[in-house]
Amino acid sequence: MFITGAAVLTVFSTLVWCGSVQEIRHGSWRRMHSVTAATVTSRNVLRCASRCWSRDGCCKYFVHPQDGSCSTYLEDTVNDRMWQQYDSVPALACPASKGYSLHYCRCIMLVTTVTVYSNAQLRCQQDGGHVMHYKSLTVDRPAVTSLLSNKTFTFSGTTRLWVGGKDENKDGLFEWTDGEVIDQASGVWSTGEPSISPDESCVVLRPEYRMADQNCSKTHSYICQIDV
């Protein structure tokens, strides 16, 4: 009797992954190309981690120990406690001792002290970071809302937050501090923004979680980000 396909069995309480073809004779297993379950699990973790790393905003991923399937969505795993959770970003990489915390894979910190943009950038650079890059509504918006939900800071009305964009190289061409051009089609700008006013070379985040250009000498609170 032959069984095709992969199989898992328990032998003396040790989980064993069997090869692609198994043969049963007289009630016993003859393993072919077998490796330990620990090796298989390790391979599955690396495979699932690779998928997570390829997705912006993926901080956690889940591996099912029975079939090695992957998931990056918590709701997929709620009804099955066998899913094993892994973190794609080591918590130690985000310095909690300095006030930073991970939100949707963004290591960020709110600074409520109001100041001009240049001072905000200098303060963030002291921690090895920069004023936050608000590049994506999909990832950065929930990261900021998560950060602010744990604070007494009121983000409404005329309140603004500095983010790390400027048009210092060419008027109207805004770039993040890493040199990446801010995409006009990304949806991160408020309607009618940027206004391309010659005296507004910096960028702020408005309470509707979209951006506008702003005079760099204005004073606002800000969010520092450390890339991890």
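Quick caveat: nothing in here was measured; it's all calculated off a predicted structure.

### Digging into the overall build of the protein chain
What the protein chain contains, in helices and strands, is three helices and 17 strands. Restricting the contact set of the protein chain to residue pairs at least 6 apart, pairs at least 24 apart contribute 51%. Summed over all atoms, the accessible surface of the protein chain reaches about 12,800 Å², with 51% contributed by carbon and sulfur.

### A few points about the confidence of the model for the protein chain
With 74% of its residues at a pLDDT of 70 or more, the protein chain shows a mean pLDDT of 78. Note on residues 1-37: pLDDT under 50 across the span, and 55 contacts to partners over four residues away in sequence or across chains.

### Digging into the state of the cysteines
A full pass over the atoms with the stated rule returns four disulfides. Here C124 pairs with C224 through a disulfide, and the sulfurs are 2.0 Å apart. Classification of the bridge connecting C124 and C224 rests on its S-S torsion, roughly -85°, and on that basis the disulfide is left-handed. Placement of the pair is C124 in helix α2 (residues 117-125) and C224 in strand β17 (residues 220-226), with a sequence separation of 100 residues. Take C124: its relative accessible area is 0%, and that puts it in the buried class. Owing to a relative accessible area of 0%, C224 belongs among the buried residues under this scheme. Here C202 pairs with C216 through a disulfide, and the sulfurs are 2.0 Å apart. Since a negative S-S torsion denotes a left-handed disulfide, the C202-C216 link at about 105° is right-handed.

### Some words on the side chain of Q214
Of note, Q214 is situated in strand β16 (residues 211-214). Judged by relative accessible area, Q214 falls into the buried class, the value being 13%. Beyond its immediate chain neighbours, meaning those up to four positions away, Q214 contacts R160, W162, E200, S201, C202, V203, V204 and H220.

### Focus: the nonpolar core
In terms of nonpolar packing, the biggest core is built from 22 residues, with Y134, V144, L148, L161, L205, M211 and I223 touching the most fellow members. Broken down by secondary-structure element, the contributors of at least two residues to this core are β11 (106-115), α3 (140-149), β13 (161-166) and β15 (202-205). For this core, the leading source of residues is α3, giving four residues. Those residues within four positions of M211 in sequence are excluded, and the remaining contacts are Y134, V163, W176, I182, V188, W189, S190, E193, V203, V204 and L205. Grouped together as the second largest cluster of nonpolar side chains are 16 residues, Y100, Y117, A212 and Y222 included.

### Section: unusual backbone geometry
P194 follows E193 through a cis peptide bond whose omega is -5°. Summarising the element assignment, P194 is placed in the loop between β14 (175-176) and β15. Despite not being glycine, I196 shows a phi value in the positive range, around 60°. Inspection of the secondary structure puts I196 in the loop between β14 and β15. The exposure class of I196 is partly exposed, given its relative accessible area of 37%. Positive phi, close to 65°, is recorded for Y209, a residue that is not glycine. Inspection of the secondary structure assignment puts Y209 in the loop between β15 and β16.

### So, the pattern of salt bridges
Counting across every chain of the model gives seven salt bridges. Linking E168 and K166 is a salt bridge whose minimum nitrogen-to-oxygen distance equals 3.6 Å. Exposure remark for E168: the relative accessible area of 59% places this residue in the exposed category. Here K166 falls in the partly exposed class, since its relative accessible area comes to 24%. R206 is the salt-bridge partner of E208, the closest N and O atoms lying 3.8 Å from each other. One network of salt bridges, with partners in common, ties together K135, D178 and E180.

About the cut-offs
- Residues numbered from 1 in each chain as written.
- Predicted model: local features only at pLDDT ≥ 70, side-chain atom pairs only at ≥ 80, totals over all residues.
- Heavy atoms only, no water.
- Helix = DSSP H or I, 4+ residues; strand = E, 2+ residues; numbered from the N terminus.
- Contact = heavy atoms within 4.5 Å.
- Areas by Shrake-Rupley, 256 points an atom, 1.4 Å probe, with all protein chains shown as cover.
- pLDDT = per-residue confidence, 0-100.
- Disulfide = S-S within 2.5 Å.
- Buried < 20%, exposed > 50% of the residue type's maximum accessible area, 1.4 Å probe, protein only.
- Core = buried A, V, L, I, M, F, W, Y, C linked by side-chain atoms within 4.5 Å.
- Salt bridge = Lys/Arg side-chain N within 4 Å of Asp/Glu carboxyl O.

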